[in-house]
Amino acid sequence: MAQVKNGATAVAEAEVTAAEAAATEDVLASDDLESVDADQIDDLFKDLKTLLSTVEKLQKARQDVGDIKPLILRLLDGELLSGDELEELRGGIGGLSKILKLYNDYQSALERAQPARTILDQLLKS
């Protein structure tokens, strides 16, 4: 049930951020960088920093979980696992839910940061 709620929330957030991104891209679509105010630039770089932070957290969570897929497959095949393998699997499965949340955060941050690409393209062409 919580997954449905989180999924619906993510969809609603994606729709809002898509609308915000479209509005920002409309402002940034002009060739004149002077039309972009300081607050918009600050927001764009804030979004880039958020994206970077989210990617770092996602990568760390993936490392913390390790490679539990073989253990999950063995468990699903009905094989018996050692006590150490069970403990690794228990921690890894708990980490998978954290990865799922972080992945949703990453997708949202990635979408919010997309308008930064337009302004960076304009800045780097100058």
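Let me begin by describing the structure that accompanies this report. Since the model is a prediction, treat every value here as computed from it, not as a measurement.

### Details of the environment of L120
Here L120 is to be found in helix α4 (residues 83-125). Overall, the relative accessible area of 27% leaves L120 in the partly exposed class. Distance from L120 to L44, taken between C-alpha atoms, is 9.7 Å for residues 76 residues apart in sequence. In this structure, L120 is in contact with F45 and L48, ignoring residues within four places of it in sequence.

### Notes on the pattern of salt bridges
Across all of its chains, the model carries 5 salt bridges by this definition. The partner of R74 in a salt bridge is E85, with the nearest N and O atoms 2.8 Å apart. On the criterion of sequence distance, the pair formed by R74 in helix α3 (residues 69-76) and E85 in helix α4 is long-range, its members being 11 residues apart. Taking relative accessible area as the criterion, R74 reaches 24% and is therefore assigned partly exposed. Sharing partners across several salt bridges, the network here consists of R74, E79 and E85.

### Considering the nonpolar core
Of all hydrophobic cores here, the largest spans 9 residues; its members are L58, A61, V65, I68, L71, L81, L89, I99 and L102. Elements with a contribution of two residues or more to this core: α2 (38-65) and α4. Discounting chain neighbours no more than four positions away, the residues touching I68 are E88, L89, G92, I93 and L96.

### Some details on the packing of aromatic side chains
Counted according to the given criterion, the structure contains 1 aromatic pair. With a centroid separation of 6.0 Å and an interplanar angle of 40°, the aromatic rings of Y103 and Y106 are classed as tilted. You can see Y103 and its partner Y106 sitting in helix α4, 3 residues apart, about one turn around the helix. In this structure Y103 comes out as partly exposed when scored by relative accessible area, which is 36%.

### Details of the packing of α3 against α4
As a packed pair, α3 and α4 sit with axes 10 Å apart at the nearest point and diverge in direction by 110°. Classified by the angle between their axes, α3 and α4 sit roughly perpendicular to one another. In contact with L71, I72, R74 and L75 of α3, α4 contributes E85, E88, L89 and L96. Residue composition of the contact of α3 with α4, by class: 5 nonpolar, no polar and 3 charged.

What counts and how
Residues numbered from 1 in each chain as written. Predicted model: local features only at pLDDT ≥ 70, side-chain atom pairs only at ≥ 80, totals over all residues. Heavy atoms only, no water. Helix = DSSP H or I, 4+ residues; strand = E, 2+ residues; numbered from the N terminus. Buried < 20%, exposed > 50% of the residue type's maximum accessible area, 1.4 Å probe, protein only. Contact = heavy atoms within 4.5 Å. Salt bridge = Lys/Arg side-chain N within 4 Å of Asp/Glu carboxyl O. Core = buried A, V, L, I, M, F, W, Y, C linked by side-chain atoms within 4.5 Å. Phe/Tyr/Trp six-rings, centres within 6.5 Å; stacked < 30°, edge-to-face > 60°. Axes fitted to C-alpha atoms, helices over the stretch in contact; angles between N-to-C directions. Parallel < 35°, antiparallel > 145°, perpendicular 65-115°, else oblique. Nonpolar A, V, L, I, M, F, W, Y, C, P; charged D, E, K, R; others polar.

Nothing here speaks to function; it is all geometry.
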